[in-house]
Amino acid sequence: MLSKAQNKHIRSLTQQKFRNEYRQFVAEGHKIVLEWLQSSWPLKTIVATENWIESHRGEILRHPEAELIIASEAEIESVSSLQSPGQVLVVATIPDAPAVADNVSWYIALDEIQDPGNMGTIIRIADWFGITDLVCSPGCVDVYNPKVVQSAMGGHLRVRIHHRDLVSFLPSLKIPLYAAVLGGIDVYEVGRPASGVLVIGNESRGISPEVVDLATHRVTIPRKGGAESLNAGVSAGILCALMLPR
């Protein structure tokens, strides 16, 4: 049973200030929680119905550090941020900032991505294409926002997320910088470079001029129809599919 204090704490993690204070976030839903339980990511709390626990004892036993709370579906619904809550959620620990590895060939850099759905989708795209490192500017949405965690579908487990000032950080990588902009080189003409940084900009303003100025290449997805634009997540997926080495 969830106590009032536990209920209040889990609900508080929907707000960034409390996620930052406690260094914790919530992941929920059957498939996503199984991803975390099958990983070595440190968990603070597992909240689940008795039936769910009985069916997944093996996965739960992999996390002896986590407090296990048996709760009713109504109790889980009371702390859930989902429209259709499931039978389980976990409170996970936000990790320390990862070190920058020397052998990374491709990065995705995000310049003030604001939409949680786009952020989660891009984390998932990075995971799909094997891009291990994502760089977020200070103005990006919190990567542990519940909607981001939901959209990323476990991508946080395999993608290292760095928070850096792009203008000072990107040149230090010493690899080509590909800025996704309007009026650049047709992406079909770029080929598949062995290494690089793909920069995706803010949903309404695009990439800041200071970051565009750093670009060694400016690339564009050519438009054939009448759509005004593509959202950031879709653009990232298309560019990764066309540019990354096979």
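Remember, predicted model here, so these are calculated numbers, not experimental data.

## Brief notes about the pairing of strand β7 (residues 160–163)
Note: strand β6 (residues 133–136) against β7, 4 bridges, orientation parallel. From the neighbouring strand, Cys 136 faces β7, where its bridge partner is His 163. Following the backbone out of β6, through helix α8 (residues 146–152) and into the adjacent parallel β7, one traces a crossover that is right-handed.

## Focus: the layout of surface pockets
The computed volume of the largest pocket comes to approximately 740 Å³. Contributing to the lining of the largest pocket are 24 residues, with Val 181, Leu 182, Ser 229, Leu 230 and Ser 235 lying nearest its centre. The set of elements that each furnish at least two residues to the lining of the largest pocket consists of β8 (177–186), β9 (196–201), β10 (217–220) and α11 (232–243). For the second largest pocket, the lining is made up of 26 residues, of which Ile 94, Val 143, Tyr 144, Ile 161 and His 163 are closest to its centre. At the level of elements, α2 (16–22) and β7 are the ones that each hand at least two residues to the lining of the second largest pocket. When residues in the lining of the second largest pocket are grouped by element, the largest group, 4 residues, is from β7. Of the residues contributing to the lining of the second largest pocket, the split by class is 13 nonpolar, 6 polar and 7 charged.

## Regarding α11
In this model α11 runs 16 Å from its N-terminal to its C-terminal C-alpha over 12 residues, within 8% of the 16 Å that 1.5 Å per residue would give. Ala 232, Gly 233, Ser 235, Ala 236, Gly 237, Leu 239, Cys 240 and Met 243 are the residues of α11 that are buried. As for α11, its buried residues are in contact with β5 (106–111), α7 (116–128), β8, β9 and β10. One side-chain oxygen of the residue at the start of α11 lies 3.1 Å from the amide nitrogen of Gly 233, identifying that residue as Asn 231.

Procedures and definitions
- Residues numbered from 1 in each chain as written.
- Predicted model: local features only at pLDDT ≥ 70, side-chain atom pairs only at ≥ 80, totals over all residues.
- Heavy atoms only, no water.
- Pairing = 2+ DSSP bridges.
- Helix = DSSP H or I, 4+ residues; strand = E, 2+ residues; numbered from the N terminus.
- Right-handed = clockwise from strand over helix to strand, strands pointing away.
- 1 Å grid on protein atoms, 1.4 Å probe; cavity = no way out; pocket = protein on both sides within 12 Å on 5 of 7 lines; lining within 4 Å.
- Points joined across faces, edges and corners; volume = space filled by probe spheres on them.
- Nonpolar A, V, L, I, M, F, W, Y, C, P; charged D, E, K, R; others polar.
- Expected span 1.5 Å × (residues − 1).
- Buried < 20%, exposed > 50% of the residue type's maximum accessible area, 1.4 Å probe, protein only.
- Contact = heavy atoms within 4.5 Å.
- Polar contact = N/O pair within 3.5 Å; in protein donor to acceptor, adjacent residues only side chain to side chain.

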